[in-house]
Amino acid sequence: MLYHIRMDVNLPADMDPEVRADLLARERAYSQKAQREGRWPHLWRVAGEFANVSVVDVADHDELHALLSGLPLFAYMDIEVTPLAVHPNKIDQ
Ligand SMILES: O=C(O)CC1=CCC(=O)O1
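Residues numbered from 1 in each chain as written. Predicted model: local features only at pLDDT ≥ 70, side-chain atom pairs only at ≥ 80, totals over all residues. Heavy atoms only, no water.

The protein has the name Muconolactone Delta-isomerase in an unreviewed UniProt entry, where Saccharopolyspora ipomoeae is given as its organism. A UniProt comment under Catalytic activity (unreviewed entry) is attached to the protein, and it reads "(S)-muconolactone = (4,5-dihydro-5-oxofuran-2-yl)-acetate". (UniProt positions renumbered as here; feature names shortened; annotations may be inferred.)

What follows is the structure, given as structure tokens:
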């Protein structure tokens, strides 16, 4: 199943720089592992914002929740999920 996800990152301005760097490094490793597994086919920066839009490809809502809640930045993000269905007018399904 495909899901469109928007993640807005809200790190505290006074967060310790080493804690911040460690979180970002772990986020990168986590999402790159999911990308290599084919579970995170699109990851785009929202221009001008500390936010991304992504498309993830997982079996069901439970795998989606596990993927998102495992993100090291999970506690610092607002996440909006939109389930995607096939558009009937698309030519290459
Ligand atoms: O948008 C960000 O920087 C947060 C994030 C989610 C997955 C990732 O690699 O970074």
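Undergrad: Summarise the UniProt feature "domain: Muconolactone isomerase" (unreviewed entry) in the protein; cite the residues concerned and give the values.
TA: UniProt feature "domain: Muconolactone isomerase" (unreviewed entry): in the numbering of this structure it lies at residues 1–89. Along residues 1–89 one finds 33% helix and 30% strand; the C-alpha atoms at either end are 19 Å apart. (Helix = DSSP H or I, 4+ residues; strand = E, 2+ residues; numbered from the N terminus.)

Undergrad: Got a sec to walk through the site of the ligand? Specific residues and values, please.
TA: Around the ligand sit Val9, Glu27, Ser31, Trp40, Leu43, Arg45, Phe50, Asn52 and Leu73, and that is every residue in its neighbourhood. Note that an oxygen atom of the ligand is positioned 2.7 Å from one of the side-chain N or O atoms of Ser31. Within the side chain of Arg45, an N or O atom sits 2.6 Å from an oxygen atom of the ligand. Burial of the ligand by the protein amounts to 89% of the accessible area it has alone, namely 280 Å². The pocket occupied by the ligand, as judged from atoms lying within 2 Å of grid points, is the largest pocket. Taken together, the elements giving at least two residues each to the shell around the ligand come down to helix 1 (17–36) and strand 2 (42–45). Among the residues making up the shell around the ligand, the classes are represented as 5 nonpolar, 2 polar and 2 charged. (Near = heavy atom within 4 Å. Polar contact = N/O pair within 3.5 Å; in protein donor to acceptor, adjacent residues only side chain to side chain. Areas by Shrake-Rupley, 256 points an atom, 1.4 Å probe, with all protein chains shown as cover. 1 Å grid on protein atoms, 1.4 Å probe; cavity = no way out; pocket = protein on both sides within 12 Å on 5 of 7 lines; lining within 4 Å. Sits in = over half its atoms within 2 Å of the grid points. Nonpolar A, V, L, I, M, F, W, Y, C, P; charged D, E, K, R; others polar.)

Undergrad: Hey, could you go over the layout of surface pockets for me, with residue numbers and the actual values?
TA: In this structure, the largest pocket encloses a volume near 300 Å³. Lining the largest pocket are 16 residues, with Glu27, Ser31, Leu43, Arg45 and Asn52 sitting closest to its centre. Of all the elements in the fold, those that place two or more residues in the lining of the largest pocket are strand 1 (2–9), helix 1 and strand 2. Counting residues per element, the lining of the largest pocket draws most heavily on helix 1, which supplies 6 residues. Classifying every residue of the lining of the largest pocket by side-chain character gives 9 nonpolar, 4 polar and 3 charged. (Points joined across faces, edges and corners; volume = space filled by probe spheres on them.)

Undergrad: So, the pairing of strand 2: which residues are in play, and what are the values?
TA: Two strands pair when backbone bridges link them, and strand 2 and strand 3 (residues 51–57) are joined in this way by 4 bridges, in the antiparallel orientation. Following the sheet pairing, His42 is matched in strand 3 by Val55. If you look at the hairpin formed by strand 2 and strand 3, you'll find 5 residues sitting between the two strands, and Gly48 has a positive phi there, around 80 degrees. (Pairing = 2+ DSSP bridges.)

Undergrad: Please set out the sheet that holds strand 2 residue by residue, giving values where relevant.
TA: On the basis of which strands lie adjacent, the open sheet formed by 4 strands has the order 2-3-1-4 and antiparallel pairing. Strands with a single pairing partner mark the edges of an open sheet, and in this sheet they are strand 2 and strand 4 (77–84). Across this sheet, the average inter-strand angle for adjacent strands is 15 degrees, counted without regard to direction. Sheet contacts for helix 2 (residues 61–69): strand 1, strand 3 and strand 4; angle to strand 1, the most-contacted strand, approximately 25 degrees. (Axes fitted to C-alpha atoms, helices over the stretch in contact; angles between N-to-C directions. Contact = heavy atoms within 4.5 Å.)

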